[in-house]
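# What the coordinates show
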Protein chains: 2
Amino acid sequence: MTTPDAHPLDDLIQALRRLPGVGVKSAQRMAFHLLQRDREGAATLARALDTAVQSVQHCTQCHTFTVGRLCAICQDEGRDAARLCVVETPADLAAMERTGAYQGRYYVLMGRLSPLDGVGPRDIGLGDLLARASQGVVQEVILATSFTAEGEATAHAISEALKSRGVHVTRLARGVPIGSELEYVDLGTIAHALSDRR
Amino acid sequence: MTTPDAHPLDDLIQALRRLPGVGVKSAQRMAFHLLQRDREGAATLARALDTAVQSVQHCTQCHTFTVGRLCAICQDEGRDAARLCVVETPADLAAMERTGAYQGRYYVLMGRLSPLDGVGPRDIGLGDLLARASQGVVQEVILATSFTAEGEATAHAISEALKSRGVHVTRLARGVPIGSELEYVDLGTIAHALSDRR
Ligand SMILES: [Zn+2]
Ligand SMILES: [Zn+2]
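The numbers attached to residues start from 1 for each chain and follow its sequence in the written order. Going through the entries in the order they are written, you letter the chains from A and number the ligands from 1. With pLDDT at 70 or above as the cut-off, local features in this predicted model cover only qualifying residues; side-chain atom pairs require 80 or more to be listed or tallied, and sums for whole chains, interfaces and linings still use all residues. The side-chain numbers reported here are obtained from all heavy atoms of the structure, hydrogens and water having been left aside.

Okay, the coordination of the zinc ion (ligand 2) next. Residues and elements named next belong to chain B. Only N, O and S atoms count as donors, using a 2.8 Å cut-off from the metal and 3.2 Å for Na, K and Ca, and because water is excluded some sites may appear unfinished. Protein coordination at the zinc ion (ligand 2): the donors are C59 (SG), C62 (SG), C71 (SG) and C74 (SG), at 2.3 Å from the metal. Because the angles between the four donor atoms bound to the zinc ion (ligand 2) fall within 105 to 119°, the donor set is best described as tetrahedral. Mapped onto the sequence, the donors of the zinc ion (ligand 2) take the spacing C-x2-C-x8-C-x2-C. The two residues C59 and C62 agree in class, both being buried. Geometry is assigned from the angles between donors: four donors with all angles from 85 to 135 degrees make a tetrahedral site, four or six donors whose opposite pairs exceed 155 degrees while the rest stay between 65 and 115 make square planar or octahedral sites respectively, and everything else is labelled irregular. Categorising residues by exposure relies on relative accessible area from a 1.4 Å probe, with only protein chains included: less than 20% of the type maximum marks a residue as buried, more than 50% marks it as exposed, and the intermediate range marks it as partly exposed.

Before going further, it helps to spend a moment on the coordination of the zinc ion (ligand 1). All names here are of chain A. At 2.3 Å from the zinc ion (ligand 1) lie its protein donor atoms, namely C59 (SG), C62 (SG), C71 (SG) and C74 (SG). Geometry at the zinc ion (ligand 1) is tetrahedral, judged from its four donor atoms and the angles of 105 to 119° they form at the metal. Counting along the primary sequence, the residues that act as donors to the zinc ion (ligand 1) give the motif C-x2-C-x8-C-x2-C. Of this pair, C62 sits in the loop between β1 (57-58) and β2 (65-66) while C74 sits in helix α4 (residues 72-75), and the two are twelve residues apart along the sequence. When sorted by exposure, C62 lands in the same class as C74, which is buried. Strands here mean DSSP runs of E at least two residues long; helices mean DSSP runs of H or I at least four residues long; both are numbered from the N terminus.

The geometry of two aromatic rings is summed up by the distance between their centres and the angle between their planes. Any two rings among Phe, Tyr and Trp, with Trp reduced to its six-membered ring, count as a pair given centres within 6.5 Å; such a pair is stacked if its planes are under 30 degrees apart, edge-to-face if over 60, and tilted if neither. The tally for this structure, following the rule as stated, stands at four aromatic pairs over all chains. Ring geometry for B:Y102 against B:Y106: centres 5.2 Å apart, planes inclined by 65°, an arrangement best described as edge-to-face. Assessed through its relative accessible area of 5%, B:Y102 is described here as buried. Throughout this description, the term charge over a ring refers to an Arg CZ or Lys NZ atom that lies within 6 Å of the ring centre and within 35 degrees of the ring normal. Between A:R171 and the ring centre of A:F147, over which it is positioned, the NZ or CZ distance is 3.9 Å.

Moving on, we come to the pairing of strand β3 (residues 80-87) of chain A. Residue and element names in this part refer to chain A. In this scheme, strands are said to pair when DSSP sees at least two bridges between them. Of the pairings in the sheet, the one linking β3 to strand β4 (residues 104-108) comprises five bridges and is parallel in character. Each residue of the ladder has a partner; that of V86, found in β4, is Y107. By convention, a crossover is right-handed whenever its connection, traced from the first strand over the helix to the second and viewed with the strands pointing away, goes clockwise. Crossover β3 to β4 through helix α5 (residues 90-99) is right-handed. Where β3 lies against strand β5 (residues 140-143), four bridges are found, and the strand directions are parallel. Paired with V86 across the two strands is L143, which belongs to β5.

Moving on to the UniProt feature "zinc finger region: C4-type" (unreviewed entry) in chain A. When the UniProt feature table is mapped onto this chain numbering, "zinc finger region: C4-type" (unreviewed entry) sits at residues 59-74 of chain A. From the first C-alpha to the last, residues 59-74 of chain A spans 8 Å; its make-up is 19% helix and 12% strand. UniProt positions are given in the numbering used here, feature names are shortened, and annotations may be inferred rather than shown by experiment.

Another point: unusual backbone geometry. Positive phi is not limited to glycine here, since A:H63 has a value of about 75°. Looking at the element boundaries, A:H63 is found in the loop between β1 and β2.

Written out as structure tokens, the structure is:
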């Protein structure tokens with residue numbers, strides 16, 4: 001895209017390609033757009049990236065993204081500690097919250113089991129989850145992983161491990177369309193699947 | 001995607017949405033990917049954006065992106081100053097260069113006429129182009145704008161303005177598939193269209 005003396009532009013294109021789903025043509029278009037029409041947007045994005053990298057960490061209790069040691073939900077003593085909902089990502093947690101149908105607590109796997117991608121039990125924090133669910137406070141673990149092959153396999157693995165420790169485990173009802181990612185499902189369906197959990 | 005206390009993550013998602021073609025779901029996925037799996041990539045992108053915003057400017061002669069006052073092509077006295085090729089973007093210039101079939105100079109519009117988007121003659125630097133082409137050095141202006149409706153309209157407007165000033169104008173031959181963007185065309189087709197220019 002650039003003349004030989006314009007290395008900063010090539011560097012920007014290469015850096016943009018590290019974003020998921022962005023190939024070389026998309027990266028060129030993004031770089032062109034930012035430099036030609038939205039330099040303020042480029043500066044804003046640079047600042048947002050720096051700030052997020054420096055300040056966003058994992059909640060020590062539920063593992064979701066947060067800026068402090070504990071996220072707002074884990075700090076909220078009004079939430080029902082007897083119920084623990086297991087989701088894959090912070091986006092899934094947000095979708096669950098938007099239903100307004102759940103007052104319990106969360107555990108965010110930050111992924112799902114995917115042997116082909118090298119994502120194993122340790123990567124989703126399975127040990128921490130089992131420890132937390134086995135301490136006697138949690139009465140029910142609600143598995144709200146995606147209804148995809150990997151999400152189902154993850155739910156199955158967690159379910160087996162928890163049941164062997166005598167923990168009561170439920171799964172969102174199959175009202176959630178098979179093959180879909182939770183964050184894309186309409187709120188009414190999620191709410192219904194929650195009340196129908198088995 | 002975030003709990004209420006995690007503003008830096010929301011800021012990052014909003015900033016990512018300023019990239020062309022990135023909606024809220026894509027931005028969430030990008031933010032999750034960067035923070036969960038590639039924080040080094042996020043820091044690299046932040047630096048690349050800052051550096052590009054600070055150092056990349058327009059060549060004073062051809063208007064392409066460059067880090068100095070003049071780009072490498074405009075500085076190269078071995079290039080044929082009698083021929084001036086008009087392209088829409090730096091990516092189109094790079095595609096033309098990769099054919100190896102052109103030894104003249106360039107003028108980069110940094111866009112194309114698009115009345116619906118508010119892009120007029122001034123935005124593509126038409127005045128500068130007419131001045132440069134009318135000084136007596138340029139013998140031929142080769143229009144290499146895209147073969148889309150807007151690219152054709154842009155070529156037509158430039159052609160009319162140049163012809164009224166007595167400048168010889170040619171257009172890349174129609175070997176370039178209709179409806180396509182120049183930067184996506186294979187190099188052989190571009191080279192052929194260049195030799196067949198009319
Ligand atoms: Zn938490
Ligand atoms: Zn130049």
